[in-house]
Amino acid sequence: MVQLELRFEDGRSEYRTFALPLSIGRSGECGLCLRSWRVARVHARLTQRSSGVFVDDLGSIAGTLVNGRRVAHYGPLTCEDEICIGPCLIRLADATGSALPTPPAARSSAFAVFSPPSTAEPVPLARDSAFPEQHGASVGLDDLLPKENTCSFPVQATLPATGAASDAGDSVRHRQRLHADLIQALDLRRRDISGLSDQDLRAEAHTVLLGLITRDTQLPDGIDRDGLLRQVVDEAVGLGPLEPLLSDPGITEIMVNCHSEIFVEQAGKLSRRHVGFSSEHALRRIIERIVAPLGRRVDEGSPMVDARLADGSRVNAVIPPVAIRGASLTIRKFPTMRPNMDDLLRAGALDSNMSHFLAACVRLRKNIIVSGGTGTGKTTLLNILSNYIDEGERVVTIEDAAELKLDHHHLVALEARPANQEGLGRIEIRDLVRNALRMRPDRIVVGECRGAEAFDMLAAMNTGHEGSLTTLHANSPRDALARLETMILMAGMHLPLGAVREHIAASIDFIVQQTRLRNGMRLISSIVEVTGMESGCIQTQEIFRYQEHPAPAFVGCGLVPESMLEGGQAMLAAALFHQCTHVDALLHDHSEAA
């Protein structure tokens, strides 16, 4: 017989006694049945051997983890070992005549890999490139970070010290327990909260939880009760540990890799924050809290979703079975203060010549594509360029998930919609572009071209809707043209490549290339004019570019754009295209002006 402590993601904890051998899996025939997609039908087995209790993985896909490491066979188990199978963390509470003390090597350092005492039965670990193959080898912190860990509980071996591991583990357990008690007290899932404002709901949760904490006898004396109160209320009725990150103006992106692993981007650089959700279940509830008000769903049938927060921040969520390690959440924050061209100048994203040129392009109704990689500032630039659209013009914006914030009075904003649970009601960007043509727009702004809508967008640019704007993902202006060709071919029009290129060349005036440098700085690396076709190829000429050598600078290429010539005369001063501005001097001038 063996007594096991079972801890689940929803905060439940229980002790149960089983006869050995014990089969663990999702099948009803297993002695310990765990209903989860991460658990195989017969996942693992605990057996009694002469030297103690051993665990054997039975070839499951998700694997069996002991102390944060995936194993094939492991033992003898001690009361300190933590076995993670799907949503359940298992520890030996008592194994009659077989419980072993914790080996000194495991107690001496939080970073030491557990090495069981030598027995007559060798117990090899499963081969895994993410870990050393030598059983008992000493490794550093990077080796123990949960690259392969799909366990939904904090693994104490990854914490910086034994005392810290115990405190962190206790804190998480108290959060899980209090969270479950608060949910039960408020009965959030059955209560109609539509009539309550966020402030009223938070105040009620705060009052109820304060009473629970006051009456709680399990909390240790040294625990931060105010901090615990705030964390549990945030997770129950807010966005949990994301709340302080969202309120930090210096953070531009939040990346939740799994419920216990959160990274942020600040000043273009990534760093890990040592906060997390109390469980996978808590993270899933917060994802549902974000997408439900928008009429979107996320479940195993539709495990990926795009959404937005109330402040306009863009949200992408992916849940199992697509996300192997558990639900993942990415939030792209938008500044509360809308940036303008002067802000880009102060940041060194372009020089004054380029800013004057781009403003003139918008006023003169030139068709512009903003190209760049992920996180290079395409949407920010699109918002800023839209400020130069004349107030008398009617603008229609079209997006997959609304994130544009155009400062324009005559504006119609449209947003695509995914299919419902029956697979009906899907409205794609291409449908909205076609509909926008009937809305008498002066300009159409598409947040991002990703597919067949590119054909309709270019057709609008070429049929009376000059001055339209859009973005796409590409690493260079030439790559942007190639991507457009591919997207138009995806429209199923069966056009020859030559006709596609003619269509692109006749529709686009300029491509603005955004880049993020290695130091995190975002800037405009190139402005290219599309001049037409020659010998079956789209011809371009570079108007401005960013150079890194011999010194970082924005350089005018000395060419007046052909579309800026009227009657042989340039619409803008020719000197604008011949100047060179060093980035260091640009930043220095703006810092002195500030």
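This one's a predicted model, so the numbers in the text were calculated from it and none came from an experiment.

## A word on the overall build of the chain
- A count of helices and strands for the chain gives 15 helices and 29 strands.
- In the chain, buried positions account for 49% of the 594 residues.
- Counted over contacts in the chain with a minimum sequence separation of 6, partners at least 24 positions apart contribute 54%.
- Looking at the chain as shown, the accessible area adds up to about 27,600 Å², and 51% of this sits on carbon and sulfur atoms.

## Quick word on helix H9 (residues 352-363)
- Over its 12 residues, H9 runs 17 Å from end to end, which matches the ideal 16 Å to within 8%, given 1.5 Å per residue.
- Taken across its 12 residues, H9 has 9 buried, putting it largely inside the fold.
- When we look at burial in H9, the residues that qualify are Asn353, Met354, Ser355, Phe357, Leu358, Ala359, Ala360, Cys361 and Val362.
- Arg365 occupies a position one or two residues after H9 and carries a positive phi of about 60°.

## Regarding the sheet that holds strand E15 (residues 304-308)
- Here 6 strands make up an open sheet; going across it, the order is E14-E13-E12-E17-E16-E15 and the pairing antiparallel. In this open sheet, the two edge strands, each paired with only one partner strand, are strand E14 (269-273) and E15. Strand-to-strand, the axes of this sheet are offset by a mean angle of 20°, without reference to chain direction.
- Two strands pair when backbone bridges link them, and strand E12 (residues 251-258) and strand E17 (residues 328-332) are joined in this way by 4 bridges, in the antiparallel orientation. Note that in E17 the partner of Glu253 across the bridge is Arg332.

## Some remarks on the packing of helix H13 (residues 477-489) against helix H14 (residues 497-507)
- Where H13 meets H14, the axes come as close as 10 Å, and the angle between the chain directions of the two elements is 120°. By the angle between their axes, H13 is oblique relative to H14. With respect to the hand of their crossing, H13 and H14 are arranged in right-handed fashion. Side by side, H13 and H14 meet where Leu481, Leu484, Glu485, Ile488 and Leu489 of the first sit next to Leu497, Val500, Arg501, His503 and Ile504 of the second.
- Looking at the contact of H13 with H14 residue by residue, the class counts come to 7 nonpolar, 1 polar and 2 charged.

## Regarding the packing of helix H11 (residues 429-436) against helix H12 (residues 453-461)
- Contact geometry of H11 with H12 gives a least axis separation of 8 Å together with a crossing angle of 20°. By the criterion of interaxial angle, the relationship of H11 to H12 is roughly parallel. In the packing of H11 onto H12, the handedness of the crossing is left-handed. Touching Ile429, Arg430, Val433 and Arg434 of H11 are Glu453, Phe455, Asp456 and Met457, all from H12.
- Looking at side-chain class alone, the contact of H11 with H12 contains 4 nonpolar, no polar and 4 charged residues.

## Considering helix H7 (residues 280-291)
- Helix length check: H7 (12 residues) gives 17 Å between terminal C-alpha atoms against 16 Å at 1.5 Å per residue, within 8%.
- Turning to H7, its buried residues number three or more, namely Glu280, Ala282, Leu283, Arg285, Ile286, Ile287, Ile290 and Val291.

## A word on the confidence of the model for the chain
- Per-chain confidence: the chain averages 79 in pLDDT, with 84% of residues scoring 70 or above.
- Long-range and interchain partners of residues 97-165, a stretch whose pLDDT sits below 50, account for 123 contacts in this model, where long-range means more than four residues apart.

## As for the nonpolar core
- One finds Leu350, Phe357, Leu358, Leu385, Ile524 and Ile527 to be the most contacted residues of the largest nonpolar core, which totals 38 residues.
- Where this core is concerned, the elements lending two or more residues are helix H8 (341-347), H9, strand E18 (368-372), helix H10 (378-386), strand E23 (510-516), strand E24 (522-534), strand E25 (537-547) and helix H15 (583-593).
- Per element, the largest residue contribution to this core is 5 residues, and it comes from H9.
- Leave out the neighbours within four places in its chain, and Leu385 touches Met341, Leu358, Val362, Val370 and Leu469.
- The next biggest cluster of nonpolar side chains, apart from the first, holds 35 residues, and it includes Ile429, Ile444, Leu472 and Leu484.

## Description of the packing of aromatic side chains
- Overall, the coordinates contain 5 aromatic pairs when judged by the stated rule.
- For the pair Phe357 and Phe510, a centre-to-centre distance of 5.2 Å together with 90° between the ring planes defines the contact as edge-to-face. Residue Phe357 is found in helix H9, and its partner Phe510 is found in strand E23; the two are separated by 153 residues along the sequence. Phe510 shares its class with Phe357; the two are buried.
- Consider the rings of Phe357 and Phe577, whose centres lie 5.7 Å apart with planes at 80°: the pair is edge-to-face. Taken as a pair, Phe357 in helix H9 and Phe577 in the loop between strand E28 (569-570) and strand E29 (580-582) lie far apart in primary sequence, 220 residues in all.
- These aromatic residues form a ring-pair network of at least three members: Phe357, Phe510, Phe544 and Phe577.

## Some thoughts on the environment of Ala474
- Secondary-structure assignment places Ala474 in the loop between strand E22 (469-473) and H13.
- A relative accessible area of 7% places Ala474 in the buried class.
- A sequence separation of 10 residues divides Ala474 from Leu484, and the C-alpha atoms of the two residues are 9.8 Å apart.
- With sequence-adjacent residues up to four places away left out, Ala474 is seen in contact with Ser371, Gly372, Gly373, Asp479, Ala480, Arg483 and Gln513.

## Here we look at the pairing of strand E16 (residues 314-318)
- Both E15 and E16 contribute to a ladder of 5 bridges, which runs antiparallel. Looking at the pairing, Arg308 lines up with Arg314 of E16.
- The turn linking E15 back onto E16 is made up of 5 residues, and Gly312 within it adopts a positive phi angle of 95°.
- In this sheet, E17 lies alongside E16 in antiparallel orientation, the contact comprising 5 bridges. In the strand pairing of E17, Asn316 is matched with Thr330.

## Regarding the pattern of salt bridges
- Applying the stated rule across the entire model yields 20 salt bridges.
- The salt bridge involving Arg12 is made with Glu14; its shortest N-O contact spans 3.7 Å.
- For Arg12, a relative accessible area of 42% gives the class partly exposed.
- Judged by its relative accessible area of 27%, Glu14 falls in the partly exposed class.
- The partner of Arg365 in a salt bridge is Glu393, and the shortest N-O contact between them spans 2.3 Å. Of this pair, Arg365 sits in the loop between H9 and E18 while Glu393 sits in the loop between H10 and strand E19 (395-399), and the two are 28 residues apart along the sequence.
- Owing to a relative accessible area of 25%, Arg365 belongs among the partly exposed residues under this scheme.
- In the salt-bridge network here, residues are joined through shared partners; they are Arg12, Glu14 and Arg16.

The rules behind the values
- Residues numbered from 1 in each chain as written.
- Predicted model: local features only at pLDDT ≥ 70, side-chain atom pairs only at ≥ 80, totals over all residues.
- Heavy atoms only, no water.
- Helix = DSSP H or I, 4+ residues; strand = E, 2+ residues; numbered from the N terminus.
- Buried < 20%, exposed > 50% of the residue type's maximum accessible area, 1.4 Å probe, protein only.
- Contact = heavy atoms within 4.5 Å.
- Areas by Shrake-Rupley, 256 points an atom, 1.4 Å probe, with all protein chains shown as cover.
- Expected span 1.5 Å × (residues − 1).
- Pairing = 2+ DSSP bridges.
- Axes fitted to C-alpha atoms, helices over the stretch in contact; angles between N-to-C directions.
- Parallel < 35°, antiparallel > 145°, perpendicular 65-115°, else oblique.
- Left-handed = near helix turned anticlockwise from the far one by under 90°.
- Nonpolar A, V, L, I, M, F, W, Y, C, P; charged D, E, K, R; others polar.
- pLDDT = per-residue confidence, 0-100.
- Core = buried A, V, L, I, M, F, W, Y, C linked by side-chain atoms within 4.5 Å.
- Phe/Tyr/Trp six-rings, centres within 6.5 Å; stacked < 30°, edge-to-face > 60°.
- Salt bridge = Lys/Arg side-chain N within 4 Å of Asp/Glu carboxyl O.

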